[in-house]
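Here are the chains, one letter per residue:
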Amino acid sequence: MSRGPIVLAHGVLGFGSIGIVPSFLTYFKGVADHLRGQGHTVFEPQVSPIGSVEQRGKKLASYVLEQVPGKERIHIIAHSMGGLDARFAITNVRGVAERVATLVTIGTPHRGSPVADAIKNRTDPLSSHVPPIIKMSLEHNVGALDDLTTDVGIHFDQSTPDHSDVRYVEVAGDASKGSDELLFFHFAAEIGRIKGEVNDGVVTRSSALRPNHEHLEDWPVDHAGEVGWHKLLASKSFKSKHLQRYEDIVNRLRDD
């Protein structure tokens, strides 16, 4: 097993461990229970669902420094905005980098999201195609929405250097390799048509994967599928492959 605890950092509108909740209702659907069943220590911190990267990053840092016991270096597996939070914490909060061995980001908009741009700018060609549930959830949450735009994302990426002692691993989703089981399958196709980029329905591959970093093979899912969420009639195969992808990540951490 990995040498240190695993911390699952949730994305925008997400949640951490909120008491006794069935695994099928957790943000990282079933992941914590699955990994704990293999003997791993897993933490699920809660940060603001709609806060800015700075607000969320400081909260994540506080959790790592105060709530994760022991002196072992930890492995953060972060989805979406959670990856930005973790990068902020590692770079800007004293003591965090010394606790982190690995940061794995999955579908993280390191250089912003075209969806955030489209919600902010109603004249964007993509704006009319944004699913109502995404638009309603984000358009009034200024802190999170601003930090997910391309302009702010590029500035964040350039002004938040990696720490030399932390291993950074990145994963992108490619919804075009999936099927109708995916919640954002058709919207991802619209992003591909309008923007001309491989994407997971929220984040493009070019934003999720930074040049000159360690990249894993693209996951054949959309942004929701990256954490196990899918349409109600999804196959058992979809569900098992979801957990296997996280198991494969943890297996890569064994020799860190």
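Anything mentioned here points back to the structure above.
Below or above, wherever it landed, is the structure these notes cover. (Residues numbered from 1 in each chain as written. Predicted model: local features only at pLDDT ≥ 70, side-chain atom pairs only at ≥ 80, totals over all residues. Heavy atoms only, no water.)

If you check which residues of helix α8 (residues 185-195) are buried, you get Phe187, Ala188 and Ile191. Summarising the axial view, the buried residues of α8 lie within an arc of 105°, below the 170-degree limit, and thus occupy one face. Exposed and oriented more than 90 degrees from the buried face of α8 are His186 and Arg193. Buried residues belonging to α8 abut α4 (114-120). Positioned one or two residues after α8, glycine 196 has a phi angle of 70°, which is positive. (Buried < 20%, exposed > 50% of the residue type's maximum accessible area, 1.4 Å probe, protein only. Helix = DSSP H or I, 4+ residues; strand = E, 2+ residues; numbered from the N terminus. Arc of directions from axis to C-beta. Contact = heavy atoms within 4.5 Å.)

Turning our attention to the packing of aromatic side chains. The description of an aromatic ring pair uses the distance of the two centres, along with the angle that the planes make with each other. Under the definition given, this model contains four aromatic pairs. With centroids separated by 6.1 Å and ring planes inclined at 90°, the aromatic side chains of phenylalanine 28 and tyrosine 246 adopt a geometry described as edge-to-face. Taken as a pair, phenylalanine 28 in the loop between β1 (6-9) and α1 (31-36) and tyrosine 246 in helix α10 (residues 236-252) lie far apart in primary sequence, 218 residues in all. Like tyrosine 246, phenylalanine 28 is buried. (Phe/Tyr/Trp six-rings, centres within 6.5 Å; stacked < 30°, edge-to-face > 60°.)

Moving on, we get to the environment of histidine 223. Looking at the element boundaries, histidine 223 is found in the loop between β6 (214-215) and α10. A relative accessible area of 10% places histidine 223 in the buried class. In this structure the C-alpha to C-alpha distance between histidine 223 and alanine 175, which are 48 residues apart in sequence, comes to 8.0 Å. When sequence neighbours within four positions are dropped, the list of residues in contact with histidine 223 reads His79, Ser80, Gly107, Phe184, Asp200, Val202 and Val203.

Counting through the fold element by element, valine 203 comes out in the loop between α8 and α9 (205-208). Remark: the alpha-carbon pair of valine 203 and histidine 223, spanning 20 residues in sequence, is separated by 7.4 Å. Ignoring sequence-local partners within four residues, the contact set of valine 203 consists of Gly107, Thr108, Pro109, Ala208 and His223.

Attention now goes to the pattern of salt bridges. What the rule picks out here adds up to 14 salt bridges. The shortest N-O distance in the salt bridge between aspartate 33 and arginine 36 comes to 3.6 Å. In this pair, aspartate 33 and arginine 36 both sit in helix α1, three residues apart, roughly one turn of the helix. Since its relative accessible area comes to 44%, aspartate 33 is described here as partly exposed. Because the salt bridges share partners, they merge into one network encompassing Arg87, Arg111, Asp157, Asp162, Glu170 and Arg210. (Salt bridge = Lys/Arg side-chain N within 4 Å of Asp/Glu carboxyl O.)

To continue, consider the sheet that holds strand β5 (residues 167-171). Judged by pairing direction, the sheet is parallel, and its six strands sit side by side in the order β2-β1-β3-β4-β5-β6 without closing on themselves. Each end of this open sheet is capped by a strand with a single partner; those strands are β2 (42-43) and β6. Where strand β3 (residues 74-79) lies against strand β4 (residues 100-106), six bridges are found, and the strand directions are parallel. Within β4, the position partnered with isoleucine 74 by the bridge is valine 100. (Pairing = 2+ DSSP bridges.)

Where empty space is left in the structure can be found by rolling a water-sized probe over the atoms. Quantified by volume, the largest pocket comes out at close to 590 Å³. In terms of lining residues, the largest pocket is bounded by 24 residues, among which Val12, Leu13, Phe184, His223 and Ala224 are the most central. Elements represented by at least two residues in the lining of the largest pocket include exactly α4 and α5 (132-138). Per element, the largest residue contribution to the lining of the largest pocket is four residues, and it comes from α5. (1 Å grid on protein atoms, 1.4 Å probe; cavity = no way out; pocket = protein on both sides within 12 Å on 5 of 7 lines; lining within 4 Å. Points joined across faces, edges and corners; volume = space filled by probe spheres on them.)

When the terminal C-alpha atoms of helix α3 (residues 81-92) are compared, their 16 Å separation across twelve residues agrees well with the 16 Å that a helix rising 1.5 Å per residue should span. Of all the twelve residues making up α3, ten are buried; the element is thus mostly covered by neighbouring parts of the structure. Taken as a whole, α3 has its buried residues at Met81, Gly82, Gly83, Leu84, Asp85, Ala86, Arg87, Phe88, Ala89 and Ile90. (Expected span 1.5 Å × (residues − 1).)

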